[in-house]
Amino acid sequence: MSRKIYINNNFYKLNKFLKIKKYTNIILLLDNNVKKFCLKKLYEYLSNNIKKKILLLEIKSGEKYKNLKTCINIWNKLTNLKISKDSLIINFGGGVITDLGGFISSLYKRGINFINIPTTLLSMIDASIGGKNGINFKELKNEIGIINNPISIFINYKLLFSLPQKEIISGLGEILKYGLIYDKRLWNLIINSNINKINWKFIIYKSIKIKLSIVKKDPYELYGYRKKLNFGHTIGHAIESFYLYNKNPITHGEAIMLGMICESWISNIKGYLNKNEYKIILKGILKYIKIKKIKKVFFNYIINIIKNDKKNFNNKIYFVLLKKIGESIYNIEINKNTIIDSINALNNINN
Ligand SMILES: NC(=O)c1ccc[n+]([C@@H]2O[C@H](COP(=O)([O-])OP(=O)(O)OC[C@H]3O[C@@H](n4cnc5c(N)ncnc54)[C@H](O)[C@@H]3O)[C@@H](O)[C@H]2O)c1
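Residues numbered from 1 in each chain as written. Predicted model: local features only at pLDDT ≥ 70, side-chain atom pairs only at ≥ 80, totals over all residues. Heavy atoms only, no water.

### Details of the pattern of salt bridges
Link 1 in the chain: Going through the model one piece at a time under the given rule, you end up with 16 salt bridges.
Link 2 in the chain: The partner of Glu 240 in a salt bridge is Lys 141, and the shortest N-O contact between them spans 3.2 Å. Of this pair, Glu 240 sits in helix 11 (residues 233-245) while Lys 141 sits in strand 7 (residues 140-147); the two residues are 99 residues apart in sequence, bridging distant segments of the chain. For the pair Glu 240 and Lys 141, a shared accessibility class is recorded, and that class is buried.
Link 3 in the chain: Close ionic contact of Lys 184 with Glu 277 constitutes a salt bridge, the shortest N to O distance being 3.8 Å. A residue pair is termed long-range when its members are at least 10 positions apart, and Lys 184 in helix 9 (residues 184-191) and Glu 277 in helix 13 (residues 275-286) qualify at 93 residues.
Link 4 in the chain: Accessibility expressed as a relative area gives 12% for Glu 277, which makes it buried.
Link 5 in the chain: Residues participating in the shared-partner salt-bridge network are Glu 63, Lys 66, Asp 99, Lys 141 and Glu 240. (Salt bridge = Lys/Arg side-chain N within 4 Å of Asp/Glu carboxyl O. Helix = DSSP H or I, 4+ residues; strand = E, 2+ residues; numbered from the N terminus. Buried < 20%, exposed > 50% of the residue type's maximum accessible area, 1.4 Å probe, protein only.)

Rendered as structure tokens:
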């Protein structure tokens, strides 16, 4: 587990941390949008001595760069710059940067210290927490990766002010997931909130608490319990890959919300979740997204991706399902036809 998570509206604690640690070099990994919108806000709090030590490594923004090619580019730069093991990598960005940067740091010289400074809602409440790092490979999401925690996570929720609305909604998707699998009050709170008036500090704190309490019981996903965090992701990841590799990417959270509709539908059809609660879930999610229909010719693509899902075993497909809002179960075998039925049900929703 990470040693400490700081949630603030400034970076004073980060400056103090970097002053005490005395790293030889500090590598700041970020993308072009984060450089444009967030770097100045970070530098305001850092002393000149620390700023002098920082080397910026910038990549282009977007899920399509979360791949091996980007890793090789960065490892090349780190080696050419002779970055030693007593240096620090700061992953400053959304989930793409924290997933990618955590992976690069964990393998460079068999592991170099890294910290996460998330800049999107999704990375503040989910991607930067819990130690999962990785990259996409062969059109499969997070196919290659490692579980390894940053030494600290510094969250400044004021960085959310420059985040586009669609990215805020993407983060809300994962918060709604926490509500559905674990905490009905959180679900109700988000569903009944005006997103322009949300108390981010409270919501971020609450979401992280839920994620950590699940991760703590099964940090390396050896026993199954951590799979609960994957509700909506079996079908959601396949939808995300489908749009990404067909050059029309949608946000991670939007894909997960579509996945949660399908997987709530399956929960109902299989007799775990009652129809009324399924309708409440559907109405709640439709407050934030519009349904994207998936043509029948692409169903096989989606199924093939799902066959590679990390929760599968014995060549069977297993899902996390809901018993009710706030309670989930895992390792439920679901066959291909039911998955296709759920995508047809998604296609038949009008909004
Ligand atoms: N490791 C985990 O446990 C975990 C959990 C959930 C999701 N993820 C991964 O996270 C990724 C999605 O993360 P994301 O939604 O943060 O996407 P992202 O990193 O692509 O960021 C979204 C967009 O916002 C921009 N941006 C970032 N911060 C900004 C700011 N403050 N102001 C303006 N623009 C800003 C980025 O440049 C990008 O264009 C996916 O790859 C997903 O698989 C990982």
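More follows now that the structure is in view.
### As for the site of the ligand
Link 1 in the chain: Around the ligand lies a shell of 27 residues, among which Asp 31, Glu 63, Thr 119, Thr 120 and Lys 141 are the nearest.
Link 2 in the chain: In the model, an oxygen atom of the ligand is placed 2.9 Å from a nitrogen or oxygen of the Asn 33 side chain.
Link 3 in the chain: Contact distances for the ligand include 2.9 Å between a nitrogen atom and a backbone N or O atom of Lys 132.
Link 4 in the chain: In the complex, 92% of the free accessible area of the ligand, which totals 870 Å², lies under the protein chains.
Link 5 in the chain: Sorting the residues of the shell around the ligand by element identifies helix 2 (32-37), helix 6 (95-107), helix 7 (121-127), strand 7 and helix 8 (165-182) as the ones contributing at least two each. (Near = heavy atom within 4 Å. Polar contact = N/O pair within 3.5 Å; in protein donor to acceptor, adjacent residues only side chain to side chain. Areas by Shrake-Rupley, 256 points an atom, 1.4 Å probe, with all protein chains shown as cover.)

### Points about a nonpolar patch on the surface
Link 1 in the chain: Together, Leu 68, Ile 72, Phe 137 and Ile 144 give the surface a local cluster of nonpolar side chains, amounting to about 300 Å² of exposed area.
Link 2 in the chain: Position of Ile 72 relative to the elements: it lies in helix 5 (residues 68-80). (Patch = residues over 30% accessible without salt bridge, like charges linked within 9 Å, V, L, I, M, F, W, Y side chains within 5 Å.)

### Points about the nonpolar core
Link 1 in the chain: In this structure, Phe 92, Leu 121, Trp 200 and Ile 204 are the most contacted members of the largest nonpolar core, which totals 103 residues.
Link 2 in the chain: In terms of residue count, the dominant contributor to this core is helix 12 (residues 252-269) (9 residues).
Link 3 in the chain: Both domain 1 (4-162) and domain 2 (177-347) contribute no fewer than three residues apiece to this core.
Link 4 in the chain: What Leu 121 contacts, discounting residues up to four positions off in sequence, is Leu 160, Leu 163, Ile 168, Gly 171, Leu 172, Ile 175, Trp 200 and Ile 204.
Link 5 in the chain: One finds Leu 29, Ile 59, Ile 83 and Phe 103 within the second-largest nonpolar core, a separate group that totals 18 residues. (Core = buried A, V, L, I, M, F, W, Y, C linked by side-chain atoms within 4.5 Å. Domains from an automatic or database assignment. Contact = heavy atoms within 4.5 Å.)

### What to know about a positive patch on the surface
Link 1 in the chain: A grouping of Lys 4, Lys 13, Lys 16 and Lys 201 is seen on the molecular surface, where their side chains present a positively charged patch.
Link 2 in the chain: Turning to its location among the elements, Lys 4 is positioned in strand 1 (residues 4-8).
Link 3 in the chain: For Lys 4, a relative accessible area of 44% gives the class partly exposed. (Lys, Arg positive; Asp, Glu negative; His and termini not counted. Charge placed at Lys NZ, Arg CZ, Asp CG, Glu CD.)

### Quick notes on the sheet that holds strand 5 (residues 113-118)
Link 1 in the chain: Here 6 strands make up an open sheet; going across it, the order is 1-8-5-4-2-3 and the pairing parallel. Strands at the two margins of the open sheet, each flanked by one partner only, are strand 1 and strand 3 (54-59). With strand direction ignored, the average angle separating the axes of adjacent strands in the sheet is 20 degrees.
Link 2 in the chain: Bridge count for strand 4 (residues 88-93) against strand 5 is 6 bridges, and the pairing is parallel. By the bridge assignment for strand 5, Gly 93 is matched with Pro 118.
Link 3 in the chain: Packing of helix 1 (residues 12-21) onto the sheet brings it into contact with strand 1, strand 2 (26-31), strand 4, strand 5 and strand 8 (152-156), and relative to strand 8 it is tilted by some 150 degrees. (Pairing = 2+ DSSP bridges. Axes fitted to C-alpha atoms, helices over the stretch in contact; angles between N-to-C directions.)

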